Amino acid sequence: MENCIFCKIAAGEIPSATLYEDEDFRVILDLGPATKGHALILPKQHAANLLEMPDELAGKAIVVAKKMAGKMKEVLGCDGLNLVQNNGEAAGQTVHHFHIHLIPRYEGDHAGVSWTPGKLTDEVRDEILKKFA
Ligand code: 5GP
Ligand code: ZN
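Residues numbered from 1 in each chain as written. Chains lettered and ligands numbered in written order. Predicted model: local features only at pLDDT ≥ 70, side-chain atom pairs only at ≥ 80, totals over all residues. Heavy atoms only, no water.

A few points about the pattern of salt bridges
One side chain can pair with another of opposite charge once the charged atoms of both are near each other. The line we're drawing: One side-chain nitrogen of Lys or Arg within 4 Å of one carboxyl oxygen of Asp or Glu is enough to make a salt bridge. Burial classes: relative accessible area under 20% of the type maximum marks a residue as buried, over 50% as exposed, and values in between as partly exposed (1.4 Å probe, protein chains only). Per the convention used, a helix needs a DSSP run of H or I reaching at least four residues, while a strand needs a run of E reaching at least two, with both numbered from the N terminus.
Summed over all chains, the structure comprises eight salt bridges. R105 is the salt-bridge partner of D109, the closest N and O atoms lying 2.8 Å from each other. The buried category is assigned to R105, whose relative accessible area is 19%. For R125, the salt bridge identified is with D122, shortest N-O distance 3.5 Å. In this pair, R125 and D122 both sit in helix α3 (residues 122-132), three residues apart, roughly one turn of the helix.

A few points about the coordination of the zinc ion (ligand 2)
Counted only if it meets this: Metal-coordinating donors are taken as N, O and S atoms lying within 2.8 Å of the metal, or within 3.2 Å when the metal is Na, K or Ca; because water is left out, some sites can appear incomplete. Geometry assignment treats four donors as tetrahedral when all angles are between 85 and 135 degrees, treats four as square planar and six as octahedral when opposite donors are over 155 degrees apart and all others between 65 and 115, and treats everything else as irregular.
C4 (SG), C7 (SG), H46 (ND1) and H97 (ND1) make up the full set of protein donors to the zinc ion (ligand 2), lying at 2.0 to 2.3 Å. Each of the four donor atoms around the zinc ion (ligand 2) contributes to a set of angles spanning 103 to 116 degrees, which defines the coordination as tetrahedral.

Brief notes about the pairing of strand β5 (residues 100-105)
We count it as follows: Only when DSSP finds a minimum of two bridges between them are two strands counted as paired.
With six of its six residues buried, β5 lies for the most part within the structure. Because side chains alternate across β5, one face comprises the buried residues I100, L102 and P104, and the other comprises H101, I103 and R105, equally buried. Sheet topology places strand β3 (residues 39-43) next to β5; three bridges connect them, and they run antiparallel. Bridge pairing links L40 to H101 in β5. As paired elements, strand β4 (residues 80-84) and β5 share five bridges and run antiparallel to each other. In the sheet register, L81 faces β5, and the bridge partner there is P104.

Shown next as structure tokens:
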């Protein structure tokens, strides 16, 4: 993809703070971190979002996330870690090249990775179950 910034970063055409690289992925530090060590897993092959990711590559992305999670715990000393993966503008996606956020969490940090819980009513539960049946 010609004008995709993450394609250029993943390919090494634009320099980035790279924590890990293999033949399929580059993992970089996010320029606007939610917490110390917030990183992004970028596939080298362009896909706009999860639905466009080939199955095999999507699977490999989670394996990279697992590897990075262990490394982050070890070297950053984080107490937890959120994986965040936004798809579509409605979901907050701003860069339309698939990426997984790795957000190390520290006891007492105030990173806003949360939502206000609603209430699952019987009516909505049944409506949705019917659609998935
Ligand atoms: P999204 O909202 O699409 O899920 O996340 C995009 C993320 O990419 C944001 O957290 C933003 O800070 C980060 N970002 C945007 N442009 C760049 C860039 O050029 N370099 C790096 N390292 N991060 C970027
Ligand atoms: Zn791209």
